[in-house]
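Geometric and topological summary
Chain residues, written in single-letter form:
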Amino acid sequence: MLKLLFAPMATLSHEALRRTIEHYSPNACDEYYTEMIQATTFIGGGKFEQFYVRSGPCPEKIVWQLTCGKAEPMAEAAKIIGALGGIGIDINMGCCAPEIVKQGAGISWMLKDKSETEQMIRMVKKAINKNMRLSVKMRLGDENYNMKDLCNFVDMLIFEGTTQIVLHPRTRKSKFRYQPHWQNAEYLFEYVEKKYNNSVECCINGDIVDFQSLCNVRKAVIKSKGFMIGRAAVQKPWIFGVIAQKLKEEKDSDFVHSQKKAENIDSLELVCEFLDNLTECQPEEFWISRAKRFFAYFCKNFEFGHYLETQINNAKDLNKMKKVFESYFEKMPNERFLYRC
Ligand SMILES: Cc1cc2nc3c(=O)[nH]c(=O)nc-3n(C[C@H](O)[C@H](O)[C@H](O)COP(=O)(O)O)c2cc1C
């Protein structure tokens, strides 16, 4: 069965949103990657670190993503966080944000001397429990990447104990522009499958926004064992449920007849629930910023989403944000109930 994974996204992949996803997509997401946890800050014991390591609502499905430019703190943080349980530890090798790259973290691990990355992976692997999986989330590399070097790089990761690779097949500079290079993802995944059979799983990520786009990616990258979804799951926390249902229907054509037709989403209810989750799972200092980050995607569901987002950005507290939605739906009652897609 193909896996569905929730992507690591800074300021978004936290327990509050996972609770909302799990409510609107019950039992549909197989792995919840956390937002990246900065290893040095975590070890330093900052005031907010306890919130980054909350693992609800499905602690057994958590994949802790770590970021740092140095091997030692990465291994130390992996040891502590790995002991909290979950599926495993993931190393962020995909982030291209300038402040991350400057620290030697994120995609820098793909670009620096290979022996340094090799050493870091070895140290992290050694630091974690045998039953914790080690995975890497990566891009294709810099603009001048080539498939031979990429395959060698992945060989090194696997040799050092990595057993899952998630690839967002874009380059450092392409950010979210241009089509992902699906054919190169397929090339790499086929290479890994031939060489390592099923001991290593390769999963694909990028631009999956609904079942149809997942099918298109699946056709282009047939060796992918799983599909990671980021931005679209923030906009539509029910997306995993819809996709999982359709994958089941595909497998068992009788399944569709036995299911009750899914109801539309009451978006006002979802908004209220998400804001309650935020207050329960995040420190007060983060409430406003995290709510705004979420609504930047969620507002795309509405015809006047831009207007809504501006109102949200002007709201001074979570209650005012709720009121923004209430008054929007008073004016636009048809927009309140969203079709699950
Ligand atoms: C706001 C935001 C924050 C992100 N933070 C991270 C991160 O912390 N770690 C990481 O590996 N990728 C991060 N990403 C990249 C996503 O995990 C994912 O690779 C990317 O959004 C493409 O998937 P999508 O098209 O399904 O959104 C982030 C993306 C966004 C939009």
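Conventions used here
- Residues numbered from 1 in each chain as written.
- Predicted model: local features only at pLDDT ≥ 70, side-chain atom pairs only at ≥ 80, totals over all residues.
- Heavy atoms only, no water.
- Core = buried A, V, L, I, M, F, W, Y, C linked by side-chain atoms within 4.5 Å.
- Buried < 20%, exposed > 50% of the residue type's maximum accessible area, 1.4 Å probe, protein only.
- Helix = DSSP H or I, 4+ residues; strand = E, 2+ residues; numbered from the N terminus.
- Domains from an automatic or database assignment.
- Contact = heavy atoms within 4.5 Å.
- Near = heavy atom within 4 Å.
- Polar contact = N/O pair within 3.5 Å; in protein donor to acceptor, adjacent residues only side chain to side chain.
- Areas by Shrake-Rupley, 256 points an atom, 1.4 Å probe, with all protein chains shown as cover.
- Nonpolar A, V, L, I, M, F, W, Y, C, P; charged D, E, K, R; others polar.
- Salt bridge = Lys/Arg side-chain N within 4 Å of Asp/Glu carboxyl O.
- Pairing = 2+ DSSP bridges.
- Right-handed = clockwise from strand over helix to strand, strands pointing away.
- Buried area = accessible area lost by both parts, 1.4 Å probe.

A short note on the nonpolar core
Counting 106 residues, the largest nonpolar core has Met93, Met138, Phe295 and Phe325 as its most contacted members. Ranked by residues supplied to this core, first place goes to helix α8 (residues 147–159) with eight residues. Here this core gathers at least three residues from each of two domains, domain 1 (3–258) and domain 2 (265–338). With residues up to four places along the chain from it excluded, the contact list for Phe295 reads Val271, Leu275, Glu309, Ile312, Met321 and Phe325. Core analysis: the second largest hydrophobic core is formed by eight residues, Leu5, Tyr33, Val166 and Cys203 among them.

A word on the site of the ligand
The ligand sits among 19 residues. The nearest are Pro8, Gln65, Asn205, Asp207 and Arg231. Contacts to the ligand include Gly230, whose backbone N or O atom sits 2.8 Å from an oxygen atom. Protein chains bury 91% of the 610 Å² of accessible surface belonging to the ligand in isolation. Residues of the shell around the ligand, tallied by class, amount to nine nonpolar, six polar and four charged.

Overview of the environment of Phe295
Along the chain, the position of Phe295 falls in helix α15 (residues 284–298). When the C-alpha positions of Phe295 and Tyr307 are compared, they lie 12 Å apart, and in sequence the two are twelve residues distant.

A word on the pattern of salt bridges
Evaluated as defined, the whole model comprises 21 salt bridges. Salt-bridge contacts for Arg122 lead to Glu160; the nearest nitrogen and oxygen are separated by 2.9 Å. Of this pair, Arg122 sits in helix α7 (residues 114–127) while Glu160 sits in the loop between α8 and β7 (164–167), and the two are 38 residues apart along the sequence. Among the salt bridges present, the one from Arg172 reaches Asp142, with a minimum N-O distance of 3.6 Å. With Arg172 in the loop between β7 and α9 (182–196) and Asp142 in the loop between β6 (133–138) and α8, the pair connects residues that are 30 residues apart, well separated along the chain. Residue Arg172 is classed as partly exposed on the basis of its relative accessible area of 26%. Taken together, the shared-partner salt bridges connect Lys3, Glu31, Arg133 and Glu201 into one network.

What about the pairing of strand β8 (residues 201–205)?
Of all five residues making up β8, four are buried, and the element is well covered by its neighbours. Here β7 pairs with β8 via four bridges, running parallel. Within β8, the position partnered with Gln164 by the bridge is Glu201. The parallel pair β7 and β8, bridged by α9, forms a crossover whose chirality is right-handed. Pairing between β8 and strand β9 (residues 226–229): three bridges, direction parallel. From the neighbouring strand, Asn205 faces β9, where its bridge partner is Met228.

Here's the deal with the domain arrangement of the protein chain
For the protein chain, the domain assignment lists domain 1 (3–258) and domain 2 (265–338). Computed over C-alpha atoms, the centres of domain 1 and domain 2 are 28 Å apart. Buried surface at the junction of domain 1 and domain 2, both sides included, amounts to about 2,100 Å², of which 63% is carbon and sulfur. Summed over the three residues of domain 1 that lose the most area to domain 2, namely Tyr24, Gln235 and Trp238, the buried surface amounts to 25% of that side. If you look at where domain 1 meets domain 2, you find two salt bridges. Applying the counting rule to domain 1 against domain 2 returns eight residue pairs in polar contact (both at pLDDT 80 or more). Those elements that provide at least two residues to the side of domain 1 that touches domain 2 are α1 (15–24), α3 (49–52) and α11 (231–235).

Concerning unusual backbone geometry
Following Gly56, the chain continues into Pro57 via a peptide bond in cis, with omega recorded as 0 degrees. Topologically, Pro57 is positioned in the loop between α3 and β4 (62–67). Positioned with a positive phi, Asn27 is a non-glycine residue whose angle comes to about 55 degrees. On the basis of relative accessibility, which here comes to 64%, the residue Asn27 falls in the exposed class. Of note, Asn197 is a non-glycine position whose phi angle comes to about 50 degrees, a positive value. Tracing the backbone shows Asn197 in the loop between α9 and β8. A relative accessible area of 53% places Asn197 in the exposed class.

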